[in-house]
Amino acid sequence: MAKPGNTKKGFSFRNLSRRFLAMINLGLALIFVLACFQHWLSPETFWFIGYLSIAFPYLFVVVTLFLFFWIFAKQHKLYILISLVALAIGYKQIGVLFSLQQNNYVQKKEPGNIRVMTWNIMSFNGFKAGVKEREKNADRIFDIIKDSDADVVCLQEYGQFESPKLGRSYLKQMAKIGYKEHVLSRDYNRVTYSYSSGVAIFSKHPIIAKERIPYRSSAESLLLADVKIGNDTIRFFTTHLQSYKFSAVELEQIEKIKDTEKPGLNQSKSLISKMQRAFRNRGAQVDQAAPVIEKSQYPQVVCLDMNDVPTSYAYWKIRGDRTDAFLAKGFGMGITYQSILPTLRLDYIFSHPAFEVTQVKILNQQYSDHLPVMADFRLEK
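Residues numbered from 1 in each chain as written. Predicted model: local features only at pLDDT ≥ 70, side-chain atom pairs only at ≥ 80, totals over all residues. Heavy atoms only, no water.

Caption draft 1: Structural detail: the overall build of the protein chain. In terms of regular secondary structure, the protein chain is built from ten helices and 15 strands. Taking all 381 residues of the protein chain together, the buried fraction comes to 51%. Counted over contacts in the protein chain with a minimum sequence separation of 6, partners at least 24 positions apart contribute 72%. (Helix = DSSP H or I, 4+ residues; strand = E, 2+ residues; numbered from the N terminus. Buried < 20%, exposed > 50% of the residue type's maximum accessible area, 1.4 Å probe, protein only. Contact = heavy atoms within 4.5 Å.)

Written out as structure tokens, the structure reads:
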């Protein structure tokens, strides 16, 4: 008979389950840590890192849940350290996911403040088909811009008929609501319809210099305008970085995937191919745009539809040492895109350290797939 003190432990399903969970935790923690280093890895080369940018908020939630699970289950400290170390490494990336600043936006602009708006307006078209519906949608967009009382408005996916015979002049409409100064990129031209589209900067103040810097990797460009506001000259940049260019059918396919329906192989290949191409092109665009912004001789404000999330290479490269207006004065996750995933902040306003961000607001509207972002700044002397 075996002595009681020498009894060996038999098979324990509980121990096996715990080790299995620990292995899953370790694997996800390692992926999370890899995602934390993506601001040093250009997706032009390391394109796969782009998927981790999108997945980062979900990885963060899962790794955090594991941490609390091990704590409340009173498990070995080694299991707790798996998530704890991963989260400590990722503190910088976690810090740009959301803001907890008090946000009491006041519509009336304080004297001395400069108000800026950025908005991807989806070519004024909105979500409904038909010429009349599109024109109504455009009118609503103009009303929002007018009511914003912004000094400078940066628009992405701005479309303009070059001939008044073919359609209403949006330039005249912008001038009518106070924005007589403008610069357009005209990245895409449809000669048949005398129509151009791209990004635009509109200002209530004099634009004393302007430049379009075309991207080498795509038809789009970085647009700049030097705006004279009082005695100060401020350089405004705007751009629209490479989107995934999903078709309507592919967007429906994404919805099916979200609803757990099995996607078709061809559709999945198309989605992956377009995402991979977008990751690489954005990496190339950012590597070209960032040095131009850095060399600015004036305090700069950068407004853009980045088509990428705050934890991405594009975000850190373009932001540089500038202030993310939403993180400075916003609250929550700052979601600006209304389709695909409910966690996407794709539109940003970055400001030179010479500016103090005084308030920020993301307008909740339904006239584009993106939401407009507004911020007030004070240029410190």
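Caption draft 2: Just the nonpolar core, in detail. The biggest cluster of nonpolar side chains holds 48 residues, and the ones touching the most others in it are Phe236, Val301, Met306, Ile318 and Phe377. Here the element with the most residues in this core is strand β8 (residues 221-229); it accounts for six residues. Beyond its immediate sequence surroundings of up to four residues, valine 301 is in contact with Val116, Ile234, Arg235, Phe236, Phe237, Ile349, Phe350, Phe355 and Phe377. By size, the runner-up hydrophobic cluster in this structure holds 24 residues, among which are Phe142, Ala150, Leu155 and Met174. (Core = buried A, V, L, I, M, F, W, Y, C linked by side-chain atoms within 4.5 Å.)

Caption draft 3: The arrangement of the packing of helix α2 (residues 49-72) against helix α3 (residues 77-89) in detail. Following both chains from N to C, one finds α2 and α3 inclined at 145°, their axes separated by 8 Å at the closest point. Crossing of α2 over α3 shows left-handed handedness. Listed contacts from α3 to Phe60, Val63, Thr64, Phe66, Leu67, Trp70 and Ile71 of α2 are Tyr79, Ile80, Ser83, Leu84, Ala86 and Leu87. Looking at the contact of α2 with α3 residue by residue, the class counts come to eleven nonpolar, two polar and no charged. (Axes fitted to C-alpha atoms, helices over the stretch in contact; angles between N-to-C directions. Left-handed = near helix turned anticlockwise from the far one by under 90°. Nonpolar A, V, L, I, M, F, W, Y, C, P; charged D, E, K, R; others polar.)

Caption draft 4: Inspection of the packing of aromatic side chains at higher detail. Inspection of the entire model under this criterion finds 21 aromatic pairs. Relative to phenylalanine 72, the ring of phenylalanine 68 lies with its centre 6.4 Å away and its plane at 20°, an arrangement referred to as stacked. Of this pair, phenylalanine 68 and phenylalanine 72 are both found in helix α2, four residues apart, which corresponds to roughly one turn of the helix. Using a relative accessible area of 67% as the deciding quantity, one classes phenylalanine 72 as exposed. Each ring, one from tyrosine 315 and one from phenylalanine 350, has its centre 5.5 Å from the other, and the planes form 75°; the classification is edge-to-face. A residue pair is termed long-range when its members are at least 10 positions apart, and tyrosine 315 in helix α9 (residues 313-319) and phenylalanine 350 in strand β13 (residues 347-351) qualify at 35 residues. By the burial criterion, tyrosine 315 is buried, and phenylalanine 350 matches it. The structure contains a cluster of three or more aromatic residues connected by ring pairs, namely Phe46, Trp47, Phe48, Tyr51 and Phe279. One residue, lysine 92, lies across the ring of tryptophan 316, its end atom 4.8 Å from the ring centre. (Phe/Tyr/Trp six-rings, centres within 6.5 Å; stacked < 30°, edge-to-face > 60°. Lys NZ or Arg CZ within 6 Å of the ring centre and 35° of its normal.)

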